[in-house]
Amino acid sequence: MNAEALTKLASDQGELAPPPSNYVLKLDLRLIPLLGCTYTILFLDRTNIANARIEGLEKGLNMPSNGFNTCLWIFFIPFVLVEIPSNMIMGMPRVKPNLFLGISMLILGIISMCQGLTHSYGGLLACRFLMGILEATLPAGAALLLSEYYTRREQPLRFAMFFTFGVLGPLVSGLLAYGIRRMNGIQGKEGWRWIFIIEGLGTIAISFLVFLFVPNFPEKTEILTAAEKEHLLEKLRRDRGDQKLSLKDVEWIPILADYKIWLPTAMFFCCDMTAASITSFTPTILTELGWKAERAQVMSIPIWVTGFVFELGAGYLSSRTGLRFPFVLFGIMMATIGWIIQIVYSESKALSAGTRYFSLFAMSAGTFLQMAMTVSWMTNNLRGRASVAVGTAMILGLGNCANFVASNVFIKGEAPYYATGFRTGLGITVAGAVFCLVHVALLWWHNQKLSRKRAEIGGENDQREYRYQY
């Protein structure tokens, strides 16, 4: 009996047949590395400008005292505004994800290089604004495509892998900055210029891989055999039901008002406050702890390694247990410890460098764990491509608005104690715990209400009424 007949027979019997091959591994190898690179680029951009700051960016372009913070927030204005329209475009039937994401990445790489070629502060701001438009298409589009290929049980570990590439951004940036700073003076260019130029060239190189290897959505995929594709689609149907894939005739108001999108977005915003602070200011903080620029670049690397170890570990355990919120709360606790240590230092003015260094590990472990878990938790509770497209765009767009806050509360005149920044970070992190508990309570209340209804009149899960996961 061939694979197609087995699948049909198992379907008739109410059980899903064993897969015709280990195609999930094939999907993992095809999807996660390349889509993960789109998120690496976002974090790479966050950190390369911080590393360039150490190497003399502000002096090289004669920037004003608030110029660096302006470079950070001007990027996120278009980034936030373009996210949802971008996902709507990518979800259109005639748009191929590989072309949409590949073209955006190619142009992004060119503009990223221009940051290292500009000779004016205004030119740098223009580059940052254009990069915000182009980068908006990448992480949300990648998260949308990734969520469409995996079941709810499979998603936590896959999103952890995806977000791990985001953690690799600062790690790679630190390594590159350490090596590139030795290029100072080559071709008459300062070291900070080479940070932008070489990392821009890397983005361009990855864009060609995206063109070649990123697949279409599952129903149109060409990377699986006919039997594998049939098995995948049946597995997804059993996990989520017959989802609406078209973006036509969609009830947009309920989607845009859905608390299952807004509360995870608020939670992501709160944890991203920590991520934005770490990626933007860790190199500077390490320098202020007494380490010279070269050593500061290297000493930032273990911080990011800790982040992706906790992220992957939590993703694996979550997939095995089916739980989401306990891991989010654990991440919040870790980040809170880090912020408290920073506040104690800010108030006492006398805390060892080793203790402050430890706080960065706690913040990294806590915040990156939350990011992956919150996105997979949200997509687990959504149905229909339109809802997932809006959800992934909002959580990675509005959720990243914490960068507006982080770029303005770490006031240069308060360095190295940053009283405003540290207190703001702690307050927002605690707010994340409140949003998480409210979200769990609402999901639990819905499930209890649905259980009582099913006990009275029966029924089963469909696209409008189904049990939520927490």
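Structural data are supplied above this passage.
Residues numbered from 1 in each chain as written. Predicted model: local features only at pLDDT ≥ 70, side-chain atom pairs only at ≥ 80, totals over all residues. Heavy atoms only, no water.

A. Structural detail: the overall build of the protein chain. Across its full length, the protein chain holds 19 helices and zero strands. A globule of 470 residues ought to have a C-alpha radius of gyration of about 23 Å, and the protein chain, at 23 Å, matches this closely. Summarising its shape, the C-alpha atoms of the protein chain cover approximately 70 × 45 × 40 Å along the three principal directions. Within the protein chain, the fraction of its 470 residues that count as buried is 59%. A total accessible area of about 18500 Å² is found for the protein chain, and carbon and sulfur atoms account for 66% of it. Within the protein chain, the 33 negative side-chain charges are centred at a point lying 3 Å from the centre of the 41 positive side-chain charges. (Helix = DSSP H or I, 4+ residues; strand = E, 2+ residues; numbered from the N terminus. Rg over C-alpha atoms; globule rule 2.2 N^0.38 Å. Buried < 20%, exposed > 50% of the residue type's maximum accessible area, 1.4 Å probe, protein only. Areas by Shrake-Rupley, 256 points an atom, 1.4 Å probe, with all protein chains shown as cover. Lys, Arg positive; Asp, Glu negative; His and termini not counted. Charge placed at Lys NZ, Arg CZ, Asp CG, Glu CD.)

B. How the structure looks around the packing of helix α4 (residues 67–90) against helix α18 (residues 402–409). Closest axis-to-axis distance for the α4/α18 pair is 9 Å, and the angle between their directions is 170 degrees. Regarding the angle of α4 to α18, the classification is roughly antiparallel. Of the residues in α18, those touching α4 at N69, L72, W73, F76, I77 and V80 are N403, F404, S407 and N408. Of the residues assigned to the contact of α4 with α18, the class counts are six nonpolar, four polar and no charged. (Axes fitted to C-alpha atoms, helices over the stretch in contact; angles between N-to-C directions. Parallel < 35°, antiparallel > 145°, perpendicular 65-115°, else oblique. Contact = heavy atoms within 4.5 Å. Nonpolar A, V, L, I, M, F, W, Y, C, P; charged D, E, K, R; others polar.)

C. Structural context of helix α15 (residues 325–348). The end-to-end C-alpha distance of α15, which contains 24 residues, comes to 35 Å, matching closely the 34 Å that a straight helix rising 1.5 Å per residue would cover. Directly after α15, the chain includes K349, whose backbone phi takes a positive value near 60 degrees. (Expected span 1.5 Å × (residues − 1).)

D. Fine view of the side chain of H231. Take H231: it is sitting in helix α10 (residues 226–240). When its relative accessible area of 3% is taken as the criterion, H231 is described as buried. In this structure, H231 is in contact with L16, A17, P18, P19, P20 and Y23, ignoring residues within four places of it in sequence.

E. How the structure looks around the nonpolar core. With 97 residues, the main nonpolar core has L27, L35, Y39, F163 and M371 as its most contacted residues. If sequence neighbours within four positions are ignored, L27 has contacts with I32, Y149, Y150, I223, L224 and L232. (Core = buried A, V, L, I, M, F, W, Y, C linked by side-chain atoms within 4.5 Å.)

F. Geometry of the packing of helix α6 (residues 121–135) against helix α7 (residues 137–149). Two elements in contact, α6 and α7, have axes whose closest approach is 5 Å; the angle formed by their N-to-C orientations is 10 degrees. As judged from the angle between their axes, α6 and α7 are roughly parallel. Residues I133, L134 and E135 of α6 lie in contact with α7, whose contacting residues are T137, L138 and P139.

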